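This is what each chain is made of:
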Amino acid sequence: YNENSADRAGKYTATASFATSDSNFRAPEPVSIDWSIGKADYDMSGVAWDYDGSFVYDATPKRIEVTGLPEGVSVSYEGNTAVDAGTYTAVAKFDINTSDYNVPESMYCEWSIEKADPDIRRMRWDYAQPFVYDGTVRTVKLEGVPETLEVSYEGASGDTVGYYTAHAEFTPKDPANYNGTSIRDCKWRILKADYDMSGARWEGDFESVYDGSEKSVYV
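Structure report, in brief.

Thresholds applied
- Residues numbered from 1 in each chain as written.
- Predicted model: local features only at pLDDT ≥ 70, side-chain atom pairs only at ≥ 80, totals over all residues.
- Heavy atoms only, no water.
- Helix = DSSP H or I, 4+ residues; strand = E, 2+ residues; numbered from the N terminus.
- Rg over C-alpha atoms; globule rule 2.2 N^0.38 Å.
- Buried < 20%, exposed > 50% of the residue type's maximum accessible area, 1.4 Å probe, protein only.
- Pairing = 2+ DSSP bridges.
- Phe/Tyr/Trp six-rings, centres within 6.5 Å; stacked < 30°, edge-to-face > 60°.
- Axes fitted to C-alpha atoms, helices over the stretch in contact; angles between N-to-C directions.

This paragraph deals with the overall build of the protein. When helices and strands are tallied, the protein shows zero helices and 19 strands. For the protein, the C-alpha radius of gyration of 45 Å lies well beyond 17 Å, the compact-globule estimate for 219 residues. Principal-axis analysis of the C-alpha atoms gives the protein an extent of 185 × 20 × 20 Å. Counting the 219 residues in the protein, one finds 24% classified as buried.

Our focus in this paragraph is the environment of Val132. Looking at the secondary structure, you find Val132 in strand β11 (residues 131–132). Separated by 60 residues in sequence, Val132 and Lys192 place their C-alpha atoms 6.1 Å apart.

Every other side chain in a regular strand lies on the same face of the sheet, so the side chains alternate between the two faces. Sheet topology note: the strand β6 (residues 73–78)/strand β8 (residues 86–96) ladder contains six bridges and is antiparallel. Across the sheet, Ser76 pairs through a bridge with Lys93, a residue of β8. Pairing of β8 with strand β9 (residues 107–113) involves seven bridges; the strand directions are antiparallel. Within the sheet, the bridge partner assigned to Ala90 lies in β9 and is Cys109.

Strands sit in the order β11-β17-β16-β14 across an open sheet of four strands; the sheet is mixed. Only two strands of the sheet have a single partner each, and these edge strands are β11 and β14 (149–154). Bridge count for strand β16 (residues 162–172) against strand β17 (residues 186–191) is five bridges, and the pairing is antiparallel. Counterpart to Tyr163 in the pairing with β17 is Arg189.

To continue, consider the packing of aromatic side chains. Summed over all chains, the structure comprises 13 aromatic pairs. Clustering of aromatic rings is evident, with ring pairs tying together Tyr51, Phe55, Tyr88 and Trp111.

If you trace the three strands from one edge of the open sheet to the other, you get β6-β8-β9, paired in antiparallel fashion. At either margin of the open sheet sits one strand with a lone partner, and together these are β6 and β9. Taken pair by pair, the neighbouring strands of this sheet meet at an average axis angle of 30°, ignoring direction.

Structure follows, in structure tokens:
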């Protein structure tokens with residue numbers, strides 16, 4: 001026999017050659033047959049992406065990979081790492097170092113990095129008590145505004161007695177990676193002022209004696 005056994009995937013031609021010890025017969029002509037061992041498939045049922053959908057932008061690189069690779073399979077990636085918020089498509093391409101197995105098909109994963117919410121835990125209006133009118137412009141504003149936000153105000157300034165409502169509008173400085181936010185309006189007021197009466201006093205004829213003329217006192 002020739003090529004009638006093999007332990008690797010491939011195509012073979014087996015040839016059987018014959019001989020006889022009986023001089024009354026001629027040995028048969030050799031006969032051949034083509035046969036093959038097909039490539040096996042790796043068990044990729046345990047291979048999965050390690051992405052669980054929990055990425056939020058924080059200016060650091062995010063990365064996803066596949067886990068559970070069978071021994072003998074290596075992987076290279078495209079699109080599996082990013083920094084900015086957005087949606088991406090990762091590709092895992094597989095390679096093997098043997099000709100006995102089929103190369104596994106590439107795996108794809110759509111993944112994303114969500115925009116971050118600004119940290120507003122310390123943000124509050126600086127208004128504590130009503131202002132008293134003094135002829136100047138009074139203003140309320142927010143303290144603890146995150147560096148990622150720009151803020152504009154409506155109704156946050158006034159110079160006359162009355163009630164006001166301050167409203168803040170927020171704009172992310174990096175809208176591709178950060179969300180905006182909101183905060184309750186601030187109700188504030190300017191009270192009427194008291195005149196300084198410390199210098200006022202009564203004057204006049206406090207202890208006069210009747211003489212038929214009009215007497216008076218005044219401030």
